[in-house]
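Letter by letter, the chains look like this.
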Amino acid sequence: MPKHPNFKIGLFFLALSVVFALFIVPTVGEDWRKTAGADVEFFTVGPRFFPYLSAAIMAVLSALMMIESALQAKYGAGAPPSTIPWDHLKPVLVFMTIGTVYILSLSSVGTLIATPLCLIACFRYFDLRQWRWILLLAFGITAMVYLCFEKLMMVPLPRGFLDM
Amino acid sequence: MGLFIDQIGIALQGTNLLILFIATVAGILIGATPGLTVNMAVALCVPLTVHFSLAPSLCMLFALYVSGIYGGSVSAILVNTPGTPAAAATTLDGYPMAQQGRAGKALHMALFASFCGGMISIFILVVVAKYLANFALKFGPAERTTLLFFALTIVGVLSGKSMIKGLLAGSLGLTVATVGADPMLAIPRFTFGLLELEDGFGYIPLLIGLFAVSEMFLQAEDRMRRSIKAVRSGASRSAHDRLTLADILLSWKTIIRSSLYGTFIGIMPGIGAAVACFFGYGEAKRASKNPDLFGTGTVEGVAAAEAANNAVSGATLIPLLSLSIPGDTVTAILYGALLIQGVTTGPLIFQNHLDAVYLIYITLTMANIFMVLVAYSCMGFFKRVTDIPRRILFPIIFIFCVMGSFSIRNSVFDVFVMMAFGVIGYFMHRLTIPVAPMLIAFILGRPFEEAVRQSLVGSEGDLSVFFVNPIAAGFLVLTAFSICITLRRSFQSKNTSK
C-alpha cells in the first residue's frame, strides 16, 4: 500500500462517490430518465441524472489521484506525508467545541446571553488576560450585533427563554 | 440633450447627494459584514422609496448595490472573510497580500478595479444596451449549458499545484449542489426529511464556512498569538503598501478584460457577480505571463476579481431595461422599485420614460464616484483592522459569521451548515485541497444541471444539440481551447519545478 497521503485522499473520495451512487442517489424517487403519460410519450431527464454524473466524475478523479500518488510513491516523487500535530489540533478542537456549544445554545439561551459567554470563553482560551477588556468587548460586541441585526436589519435573532 | 442635462441637475440636488453618501456608507458596511447581503439591504430600503421621487430612490438603491459589492472585498482582503459571494475570489490574492503587510495596496487596487469595472459596464450599458440584450435573448438551454461548462473550466485554473485535487474539490461542490429540490421537477433530493434542505444548502453559510470559519480554525492552531499582518520594517512596509503607477500599468489589461467578462456575465440572467468574479480571476490567471503568482498575493488577482464583480452591476440593467428581464435578485428588486415609481421597463422605456433611463445612467455613475470617495477616505480605518490581534478579531468575526448565516433565512440550521463547512474547509486546507473550486462548482452546479436537463429534454436526449448550434459550438471550442492552455501551463509548471 503506497504511503503517499494523496492515495488515502483518493481512496476516501472514491469510497464517498461509491456510497453516494449506490446508497444515497437511489433514495430519490424518480429514475434519471423516464417515459410517461397515458397516451402521449415524452422524454425527460429525471432528478437522479446529475447526482449520478457528479458521482461518476468524482470516482474517475479519485481513481486518477490514486494512480498518480501510487506512481509518485513508486518513484519517490511528490510531497511528503503531512500530519497535524496534536498540540496544533487541540486548540482547533476547543474552538470548534466552543462554537458548536454557542450555536446549540442560541435557541435555548438566546443571543443576548449566549454571545457574551461565547466571546468570554474564546478570549480567555486565546490568552486575553485583562478582564476589563474581555467584558467590555464581550458586551460591546453583543450590543453591536443586537443593534445591527435586530434593530437595523430587522432580523429576529434567537431570544431563547427570554422570549417566554 | 436638454433632457439629459435636466436629469443631471435633478440628480445633483443636495438631498440626493446626501442620500447617496449615507447609502454608500451603509452599503460598504453591509457588504463588509459577512452574511449581510446587498440583496437584503436593497430589499429593506425599497419600502422607503414609496416616500421618495425617482431620483432619490435610484440614488439610494444604486449606492447600496454598487458600494455593497465593493464592501465585500474589504473583509475578504483583511480577514479572508468575503462579505458577499461576489468577493469570494478576492480572498485568493487579497488575503495573502494583507498577511504580507500589503493590505493597503490590495484595498486600493480593489477600489480602483471596482470603479473601472463599474464605469466600463455603465459605458456598455449606455452604448450597446439594446443590441446586447437581443444577443442574450438568443441564449437557449444549449447555449447556457456550454457557457456554464466553459465557466466550470475555471475550476482547473483555480486548482493550484495539484489539478486533480482541485477537480476533486469541484466534483464535491457539484455533488453538494444536488442537495435540495431538483431544479426541474421539484422532487426533493437528499433532504432526509429536513425541511431546511428543501432549497439546498445556502450560498452564504457555505461560503462563510469554507472561507472564513475554516481560516479561523487554521489560525486557532497556534492559539491566535500573532496579528494577521506579517511584521515588516517601516520603510519597506510603506513602499510595499502603496498602489503605484507600476501596479496600475501591470493590471490595466486585466481590469479591462475582467470588466468585459463581468459585463458579459451580467447580461446573462441568473448567473451573477459570484460567478463573474471567479470567471474574471480564472481568465486573468490563464492570460497572465506569471500564472504561478496568482494565489500568492498579486495585485493582478485582486484587480481581476473586483473589476469583474463590479462590472456586473451595470450589465444586469441591460436585460432589465431592454427586455424587462431581471438578471439577478437585486435587479428584480429594482424592477419592483421602478414599478412603484410608475416606470415600466422593456423596449418602450426608451420612448416613454427616456428621462428615467437617463436618470438611471447618471445615478449609477454617481454611485460609483461616491463609492470611490467614501471608500478612499475610510481606507486608513480599514487598514487598521489588520493591526488588531487575531485573538480579539477572530472571535468577534466568528460571532458576525454566525449572525450573518442565521440572518439569511432566520434559521439556526444554516449556522450549523456554516460550521460543518468550516470543518470541511479546515481539513481541506490541511490536506492542501483548494476550497475555491468547490465553491465555484457549487454555485454553478444547479444552473448547469438545469441547463443540461432542459437541453436534453428539448432535444429528446440527442447530444448533437450542443454541437449543431453555432453559439453553443463556439463555447465548446473555447472550452477545449482553455482546457488545453490550462493543461499545458500545468505541465510546464511541473517541469519547471522539477
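So, here's what we can say about the structure. Not measured: the values here are computed from a predicted model.

Across its full length, chain A holds five helices and two strands. The helix and strand sequence of chain A, counted from the amino end, reads α-β-β-α-α-α-α. Going through the 164 residues of chain A one by one, you find that 27% of them count as buried. Pairs at least 24 residues apart make up 60% of the contacts formed inside chain A by residues separated by at least 6 positions.

Looking now at the interface of chain B and chain A. Interfaces are frequently sized by the accessible area removed from exposure as the parts join. The interface is formed by 45 residues belonging to chain B together with 51 residues belonging to chain A. Secondary structure elements with two or more residues in the side of chain B that touches chain A: α3 (38–49), α9 (163–177), α10 (203–220), α19 (390–409), α20 (412–430) and α21 (436–458) of chain B. Ranked by residues supplied to the side of chain B that touches chain A, first place goes to α19(B) with nine residues. For the side of chain B that touches chain A, the residue count by class is 30 nonpolar, six polar and nine charged.

Working note: α-helix, 3.6 residues per turn, so residues spaced by three or four point in the same direction. The first and last C-alpha atoms of helix α1 (residues 5–24) of chain A sit 27 Å apart over 20 residues, in line with the 28 Å expected at 1.5 Å per residue. Listed as buried for α1(A) are A:N6, A:F7, A:I9, A:G10, A:F13 and A:S17. Projected down its long axis, α1(A) shows its buried positions confined to an angular sector of 165°, all on one face. Exposed residues on α1(A) whose side chains face more than 90 degrees from its buried face are A:A15, A:V19, A:L22 and A:F23. Each element contacted by the buried residues of α1(A) is listed here: α2 (49–75) of chain A together with α9 of chain B.

A few words now on the nonpolar core. In this structure, B:I77 and B:C277 are the most contacted members of the largest nonpolar core, which totals 203 residues. Examining the composition of this core, we find that 18 residues originate from one element, helix α4 (residues 54–79) of chain B, more than from any other. Residues from two domains meet in this core; each of domain 1 (5–75) and domain 2 (86–163) of chain A gives at least three. In this view, B:I77 contacts B:T90, B:G94, B:Y95, B:M97, B:A98, B:A103, B:A106, B:L107 and B:A110; residues no more than four positions away in its chain are not counted.

Looking now at unusual backbone geometry. Residue and element names in this part refer to chain B. Of note in this structure, N80 is not a glycine but carries a positive phi near 60°. Mapped onto the elements of the fold, N80 is located in the loop between α4 and α5 (90–99). A tally of 24 C-beta atoms within 10 Å means that N80 is categorised as buried. Phi at E460 takes a positive value of approximately 55°, unusual for a residue other than glycine. Within the secondary structure, E460 is located in the loop between α21 and α22 (465–468). According to the C-beta neighbour criterion, E460 is exposed, with 10 such atoms within 10 Å.

What follows concerns the packing of helix α1 (residues 2–11) of chain B against helix α18 (residues 354–383) of chain B. Residues and elements named next belong to chain B. At a minimum axis distance of 9 Å, the contact between α1 and α18 shows a crossing angle of 50°. In this view, α1 runs oblique relative to α18, as classed from their interaxial angle. Judged by the twist between their axes, the crossing of α1 over α18 is right-handed. In this structure, α1 uses L3, F4, Q7, I8, I10 and A11 to contact α18, whose residues at the interface are L354, D355, Y358, L359, I362, T363 and M366. Taken together, the residues that form the contact of α1 with α18 break down as ten nonpolar, two polar and one charged.

Basis of the calculations
- Residues numbered from 1 in each chain as written.
- Chains lettered and ligands numbered in written order.
- Predicted model: local features only at pLDDT ≥ 70, side-chain atom pairs only at ≥ 80, totals over all residues.
- Helix = DSSP H or I, 4+ residues; strand = E, 2+ residues; numbered from the N terminus.
- Buried ≥ 20, exposed ≤ 12 C-beta atoms within 10 Å, placed from the backbone.
- Contact = placed C-beta atoms within 7 Å.
- Nonpolar A, V, L, I, M, F, W, Y, C, P; charged D, E, K, R; others polar.
- Expected span 1.5 Å × (residues − 1).
- Arc of directions from axis to C-beta.
- Core = buried A, V, L, I, M, F, W, Y, C linked by C-beta atoms within 7 Å.
- Domains from an automatic or database assignment.
- Axes fitted to C-alpha atoms, helices over the stretch in contact; angles between N-to-C directions.
- Parallel < 35°, antiparallel > 145°, perpendicular 65-115°, else oblique.
- Left-handed = near helix turned anticlockwise from the far one by under 90°.

Geometric values such as these leave the question of function open.
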